[in-house]
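# Understanding the architecture of this molecule
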Amino acid sequence: MALSQEQKKQFKSIGHHLKPVLTVAENGLSEGVMAELERALNDHELIKVQFRIVERDDRRALIDELCQNGSCELVQVIGKMALIYRRNPKPNKNLSNISRYSGL
């Protein structure tokens, strides 16, 4: 489900205005974090995740693990923020950030 450069560009534009809906701290990817990730991706499709991990390598490994476990695509990483996307086949037009911001 690799994203094209055009899709990434569009998603980055939408993601710029989003606030993080999920925070991952030192405890890592707990059951609660994964459950909230699942809910947020089902509702919003495109979300920002904040990582409160100091070490860059540890943070990057956690981002990769999150994307793999959540079956989602990494759009962008800036500092401690990651923008991730997973298509919902039946998105709620009122909740989906893709529908709300791109007019699709």
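We now turn to the structure provided with this report. (Residues numbered from 1 in each chain as written. Predicted model: local features only at pLDDT ≥ 70, side-chain atom pairs only at ≥ 80, totals over all residues. Heavy atoms only, no water.)

### Notes on the overall build of the protein
We count it as follows: Note on conventions: DSSP H or I runs of at least 4 residues are helices, E runs of at least 2 residues are strands, and numbering of each starts at the N terminus. Here the globule rule is a power law, 2.2 Å times the number of residues to the power 0.38, and the radius of gyration is based on C-alpha atoms. Think of it in three bands: residues with accessible area under 20% of the maximum for their type are buried, residues over 50% are exposed, and the middle band is partly exposed, with areas taken using a 1.4 Å probe on protein chains only. Contacts between residues were defined by any pair of non-hydrogen atoms, one from each residue, lying within 4.5 Å. By the counting rule applied here, Lys and Arg register as positive and Asp and Glu as negative, while His and the ends of each chain are not counted. The atoms used to mark charge sites are NZ of Lys, CZ of Arg, CG of Asp and CD of Glu.
Counting its secondary structure elements, the protein contains 4 helices and 4 strands. Ordered by position in the sequence, the α and β elements of the protein form the string α-β-α-β-α-β-β-α. The globule rule puts the C-alpha radius of gyration for 104 residues at 13 Å, and the 13 Å found for the protein is close to it. Along the first, second and third principal axes, the C-alpha set of the protein runs to 40 × 25 × 25 Å. Within the span of the protein, comprising 104 residues, buried residues form 40% of the whole. Long-range pairs, those at least 24 residues apart, make up 69% of the contacts in the protein with a sequence separation of at least 6. Of the side-chain charges in the protein, 16 are positive and 13 negative, and the distance between the mean point of each set is 9 Å.

### A look at helix α2 (residues 31–44)
For an α-helix, the turn length of 3.6 residues means that residues three or four places apart are oriented alike. Cut-off, in case you're wondering: Between the first and last residue of a helix there are one fewer steps than residues, each counted as 1.5 Å, and that sum is the expected span. Think of it as the arc spanned by the lines of direction from the helix axis to the C-beta atoms.
End to end, α2 covers 20 Å across 14 residues, agreeing with the expected 20 Å (1.5 Å per residue, within 8%). For α2, the full list of buried residues reads Val33, Met34, Leu37, Ala40, Leu41 and His44. What you see down the axis of α2 is that its buried residues fit within an arc of 130°, all on one side. If you follow the buried residues of α2, they end up packed against β1 (20–24), β2 (46–51), α3 (56–69), β4 (81–85) and α4 (97–102). Count one or two residues on from α2 and you reach glutamate 45, which has phi positive near 65°.

### Looking at the pairing of β1
Our working rule: By definition, two strands form a pair when at least two bridges between them are found by DSSP. Seen with its strands pointing away from the viewer, a crossover is right-handed when the path leading from the first strand over the helix to the second is clockwise.
With 4 bridges connecting them, β1 and β2 associate as parallel partners. Along β2, the bridge assignment pairs leucine 22 with valine 49. Handedness of the crossover is the feature at issue here: the chain leaves β1, passes through α2, returns alongside β2, and the resulting connection is right-handed.

### Concerning the nonpolar core
Short version of the rule: Here, nonpolar core refers to any group of buried Ala, Val, Leu, Ile, Met, Phe, Trp, Tyr and Cys residues whose side-chain atoms link them within 4.5 Å.
Within the largest apolar cluster, 20 residues are counted, with the highest numbers of intra-cluster contacts made by Leu37, Phe51 and Ile84. Within the residue set of this core, elements represented by two or more residues are β1, α2, β2, α3 and β4. For this core, the leading source of residues is α2, giving 5 residues. Ignoring sequence-local partners within four residues, the contact set of leucine 37 consists of Leu22, Ile47, Leu66, Gly70 and Ile84.

### Some points on the packing of aromatic side chains
Put simply, the test is: Classification of ring pairs uses Phe, Tyr and Trp, with its six-membered ring standing for Trp, and accepts pairs whose centres are within 6.5 Å; under 30 degrees between planes counts as stacked, over 60 as edge-to-face, and the remaining range as tilted.
Summed over all chains, the structure comprises 1 aromatic pair. Ring centres 4.5 Å apart and planes at 35° place the aromatic pair phenylalanine 11 and tyrosine 85 in the tilted group. Of this pair, phenylalanine 11 sits in helix α1 (residues 5–15) while tyrosine 85 is found in strand β4, placing the two residues 74 residues apart along the sequence. Each member of the pair phenylalanine 11 and tyrosine 85 is classed as buried.

### Considering the sheet that holds β2
Each strand in a sheet pairs with its neighbour through backbone hydrogen bonds, running either in the same direction (parallel) or in the opposite one (antiparallel). Convention followed: Between N-to-C directions, angles span 0 to 180 degrees; the directions come from axes that are lines fitted to C-alpha atoms, helices contributing only their stretch in contact.
The mixed open sheet is built from 4 strands, whose spatial order is β1-β2-β4-β3. Two strands close off the open sheet at either side, each with one partner strand: β1 and β3 (73–78). With direction set aside, neighbouring strand axes in the sheet form an average angle of 25°. Across the sheet, α2 touches β1, β2 and β4, and the angle it forms with β1 is around 160°. Contacts between α3 and the sheet are confined to β1, β2, β3 and β4, with β3 contributing the most and set at about 155° to the helix.

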